[in-house]
Amino acid sequence: MTTYVMKHKDWIQTYTGLQFWPLEPRAADIRIVDIAHALSHKCRYSGHCRVFYSVAEHSVHVSSHVPPELALWGLLHDAAEAYLPDVPRPIKPMLTGFKEIEAKVMAAVCERYGLTVDEPPEVKRIDTAILGDEMEQIMGPPPANWYLPEEKLGIKVGVMTSREARAAFLARFCELVEGRQPLGGMNPGWNNTAFHDR
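Residues numbered from 1 in each chain as written. Predicted model: local features only at pLDDT ≥ 70, side-chain atom pairs only at ≥ 80, totals over all residues. Heavy atoms only, no water.

1. Brief notes about helix 6 (residues 162–178)
Cut-off, in case you're wondering: Put simply, DSSP H or I for four residues or longer makes a helix, DSSP E for two residues or longer makes a strand, and each gets a number counted from the N terminus. Take the number of residues in a helix, subtract one, and multiply by 1.5 Å to get its expected span. Three labels apply to residues, based on accessible area from a 1.4 Å probe with only protein chains included: buried if under 20% of the type maximum, exposed if over 50%, partly exposed otherwise in between. Only heavy atoms enter the contact rule, under which two residues are in contact if any of them lie within 4.5 Å.
In this model, helix 6 (17 residues) spans 24 Å end to end at C-alpha, consistent with the 24 Å of a helix rising 1.5 Å per residue. Along helix 6, the residues classified as buried are Ser 162, Ala 165, Arg 166, Ala 167, Ala 168, Phe 169, Leu 170, Ala 171, Arg 172, Phe 173 and Cys 174. Buried-residue contacts for helix 6 involve helix 1 (32–41), helix 2 (55–64), helix 3 (71–76) and helix 4 (98–113). Where helix 6 terminates, the next one or two residues include Gly 179, which has phi positive at roughly 70°.

What follows is the structure, given as structure tokens:
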């Protein structure tokens, strides 16, 4: 197996102005503001929604419907997509090496926030169950039946703007990690310094 050597040019600039090496991710380079910002700008379903529906909003919903001890994992279950493309499920198996790259980024996220490396089954189940809610509310009429092995959650989705989703994501993180809501509640105008080096 070829060992990847970090090169000075093989990095992306994050929202907070950090260098991030997607092929050699480091926990020290992960920032929650970067994750929240990037996911709030990424639309689910490759953008084929009737309304804008961000990965950040989706993540907040998942976090709110798993057991409390898994809530942070639920919030961050798609965090690798903050640094990598959001590849549709049918394509991922065909992209040689992508799942390994994604797993390395997610491992860095898990290390940064003290999570187990393996995604808990209940998080995966809720991530699958919410597909039914999303299909009904934000997608057009389906050309064929979706594979929906789990009963839908029965929640409202697609209700947040990008700014609102970013704020909700950060609020949920602050609630779970620090046990409190930041002053002002879900404030879309939160800046990076409000979270220091989180």
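2. What about the side chain of Ser 59?
Where we set the bar: Any pair of nitrogen or oxygen atoms within 3.5 Å is treated as a polar contact; in protein, a donor-acceptor pairing is required on top of that, and neighbouring residues in sequence qualify only through side-chain atoms on both sides.
Summarising the element assignment, Ser 59 is placed in helix 2. One polar contact links the side chain of Ser 59 to the main-chain carbonyl oxygen of Val 55, over a distance of 2.8 Å. When neighbours within four sequence positions are excluded, Ser 59 is seen to be in contact with Leu 39, Gly 74, Leu 75, His 77, Asp 78 and Phe 169.

3. Let's talk about unusual backbone geometry
At Tyr 45, a residue that is not glycine, the phi angle is positive and equals roughly 60°. Structurally, the position occupied by Tyr 45 is in the loop between helix 1 and helix 2. In the Ramachandran plot, Ser 46 falls in the positive-phi region, its phi being about 55° despite a non-glycine side chain. With a relative accessible area of 44%, Ser 46 lands in the partly exposed category.

4. Points about the nonpolar core
Applicable threshold: We call a set of buried residues a nonpolar core when its members are Ala, Val, Leu, Ile, Met, Phe, Trp, Tyr or Cys and they connect through side-chain atoms within 4.5 Å of each other.
Residues Ile 30, Ile 32, Ile 35, Leu 76, Tyr 113 and Phe 169 are the most contacted members of the largest nonpolar core, which totals 41 residues. For this core, the elements supplying multiple residues, two or more each, are helix 1, helix 2, helix 3, helix 4, helix 5 (121–138) and helix 6. The greatest single-element share of this core, amounting to seven residues, is contributed by helix 4. Each residue touching Ile 35, except ones within four places of it in the same chain, is listed here: Ile 30, Leu 76, Ala 79, Ala 82, Tyr 83, Tyr 113 and Phe 169. Core analysis: the next-biggest nonpolar cluster, separate from the first, contains nine residues, Tyr 45, Tyr 53, Ile 130 and Val 157 among them.

5. A look at the environment of Ala 129
Note that Ala 129 resides in helix 5. Its relative accessible area of 1% is what places Ala 129 among the buried residues. Once the C-alpha coordinates of Ala 129 and Glu 151 are considered, the two residues, 22 residues apart in sequence, prove to be 5.7 Å apart. When near neighbours in sequence (up to four residues on either side) are disregarded, Ala 129 contacts Glu 150, Glu 151, Lys 152 and Leu 153.

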